[in-house]
Amino acid sequence: MAADIKTISDAIIAKLAGDVAELNSRTVATFSGSTGDLAEQGRNLPFAGLSLTGVSYTQLNAEDSLAKEELSFSLRLVVEDFRGQGFSLETGYGLLDHVRDCLSGARLGIEGLAPCRLSGFNLDSAADESGLAVFSASLSTWQVRQRL
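Residues numbered from 1 in each chain as written. Predicted model: local features only at pLDDT ≥ 70, side-chain atom pairs only at ≥ 80, totals over all residues. Heavy atoms only, no water.

1. A closer look at the packing of aromatic side chains
Our working definition: Only the six-membered ring of Trp is used, alongside the rings of Phe and Tyr, when aromatic pairs are assigned; centres must lie within 6.5 Å, and planes under 30 degrees apart are stacked while those over 60 apart are edge-to-face, with the rest tilted. A helix here means a DSSP run of H or I that spans at least four residues, while a strand means a run of E at least two residues long, and both kinds are numbered starting from the N terminus. Only when the NZ atom of a Lys or the CZ atom of an Arg is both within 6 Å of the ring centre and within 35 degrees of the ring normal do we say a charge sits over the ring.
Counting across every chain of the model gives one aromatic pair. Consider the rings of Phe 31 and Phe 47, whose centres lie 5.8 Å apart with planes at 85°: the pair is edge-to-face. Placement of Phe 31 in the loop between strand 1 (28–30) and helix 2 (35–41) and of Phe 47 in strand 2 (residues 47–59) is noted, with a sequence separation of 16 residues between them. Across from the ring centre of Trp 142, 4.7 Å away, lies the NZ or CZ of Lys 68, which sits over that ring.

What follows is the structure in structure tokens.
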């Protein structure tokens, strides 16, 4: 039985909150707003926001009863607010290392779900306007769905 999207999203969030020392259940959440929204909401930093970016299906048999469901998520890491004194972008690099180690090849404890694939991190230069150092990455996994 394939897992639903919310279950997979919740498992990613729980993994990050439980396995990355800099994060916790208050600093990892689904989030699809803008980086400016994060600043306005007064979120604790660092913050990891996860959002679904796509789901695609590849039929696996002639009867269309089996399909490979590929799920893609966007992960935004707000590493630091650099408006204060003593800011150094390098202090956030450790968080990137920990998130990479946590999610690359991670099994989320969901039967039939493939290990996670994490793409490289990119610096979000547009976030500079809001005074935040933000990195983004893509996370994907897949599972086989059976139509009954």
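There is more to say after this.
2. Some words on the packing of helix 1 (residues 5–19) against helix 3 (residues 93–103)
The test is simple: Between N-to-C directions, angles span 0 to 180 degrees; the directions come from axes that are lines fitted to C-alpha atoms, helices contributing only their stretch in contact. Put simply, angles under 35 degrees are roughly parallel, angles over 145 are roughly antiparallel, angles from 65 to 115 are roughly perpendicular, and the rest are oblique. Here is the rule for handedness: rotate from the far helix to the near one, and if that takes an anticlockwise turn smaller than a right angle the crossing is left-handed, while a clockwise turn gives right-handed. In this analysis, two residues are considered to be in contact whenever any of their non-hydrogen atoms come within 4.5 Å of each other. Side-chain classes are defined by residue name, with Ala, Val, Leu, Ile, Met, Phe, Trp, Tyr, Cys and Pro counting as nonpolar, Asp, Glu, Lys and Arg as charged, and the others, Gly among them, as polar.
At a minimum axis distance of 10 Å, the contact between helix 1 and helix 3 shows a crossing angle of 130°. In this view, helix 1 runs oblique relative to helix 3, as classed from their interaxial angle. Crossing angle aside, the handedness with which helix 1 passes helix 3 is right-handed. Together, Ile 12, Lys 15, Leu 16 and Asp 19 of helix 1 and Val 99, Cys 102 and Leu 103 of helix 3 make up the contact between the two elements. Of the residues that constitute the contact of helix 1 with helix 3, the class distribution is five nonpolar, no polar and two charged.

3. Topic: the nonpolar core
Quick reminder of the rule: Nonpolar cores are built from buried Ala, Val, Leu, Ile, Met, Phe, Trp, Tyr and Cys residues. Side-chain atoms within 4.5 Å join them into one set. A simple rule labels every residue: compare its accessible area, found with a 1.4 Å probe on the protein chains alone, to the largest value its type can have, and call it buried under 20%, exposed over 50%, or partly exposed in between.
In this structure, Ile 8, Ile 12, Leu 16, Leu 23, Leu 75, Val 99 and Leu 103 are the most contacted members of the largest nonpolar core, which totals 30 residues. Listing elements by their share of this core, those giving two or more residues are helix 1, strand 2, strand 3 (66–81), helix 3 and strand 6 (132–146). Each residue touching Val 99, except ones within four places of it in the same chain, is listed here: Leu 16, Val 20, Leu 23, Leu 75, Leu 77, Leu 118 and Phe 121. The next biggest cluster of nonpolar side chains, apart from the first, holds seven residues, and it includes Phe 31, Phe 47, Leu 132 and Val 134.

4. Some points on the pairing of strand 6
Inclusion rule: Should DSSP find at least two bridges between two strands, the strands are regarded as paired.
Bridging between strand 4 (residues 117–118) and strand 6 involves two bridges; their strand directions are antiparallel. Within strand 6, the position partnered with Leu 118 by the bridge is Leu 139. In this structure, strand 5 (residues 122–123) lies alongside strand 6, joined through two bridges in antiparallel fashion. Counterpart to Leu 123 in the pairing with strand 6 is Phe 135.

5. Examining the state of the cysteines
We count it as follows: Throughout, disulfides are identified as pairs of cysteine sulfur atoms within 2.5 Å of each other.
Using the criterion set out here, one finds zero disulfides in the structure. Not engaged in a disulfide, the cysteine Cys 102 finds its nearest cysteine sulfur in Cys 116; these two sulfurs lie 8.6 Å apart. For Cys 102, a relative accessible area of 8% translates into the label buried.

6. Re helix 3
Note the threshold: This arc is taken over the directions from the axis of the helix to the C-beta atoms.
Looking at helix 3, one finds that the buried residues are Leu 95, Leu 96, Val 99, Cys 102 and Leu 103. Buried residues of helix 3, seen end-on, are gathered within an arc of 130° and therefore sit on one face of the element. Looking one or two residues beyond helix 3, the residue adopting positive phi is Gly 105, at roughly 75°.

7. Topic: the environment of Asp 64
Mapping Asp 64 onto the fold places it in the loop between strand 2 and strand 3. The partly exposed category is assigned to Asp 64, whose relative accessible area is 38%. Along the backbone, Asp 64 and Gln 146 are 82 residues apart, and their C-alpha atoms lie at a distance of 8.7 Å. Setting aside residues no more than four positions away along its own chain, Asp 64 makes contact with Gln 59 and Arg 147.

8. Structural notes on the side chain of Thr 141
This is how the line gets drawn: Two N or O atoms count as a polar contact when they lie within 3.5 Å, although within protein this holds only if one can serve as hydrogen donor and the other as acceptor, and sequence-adjacent residues are included solely when both atoms are side-chain atoms.
By the element assignment, Thr 141 lies in strand 6. A relative accessible area of 1% places Thr 141 in the buried class. Separated by 2.5 Å, the side chain of Thr 141 and the backbone oxygen of Ala 114 make a polar contact. Non-local contacts of Thr 141, meaning those with residues more than four positions away in its chain, are made with Ile 8, Glu 69, Glu 70, Leu 71, Leu 113, Ala 114 and Pro 115.

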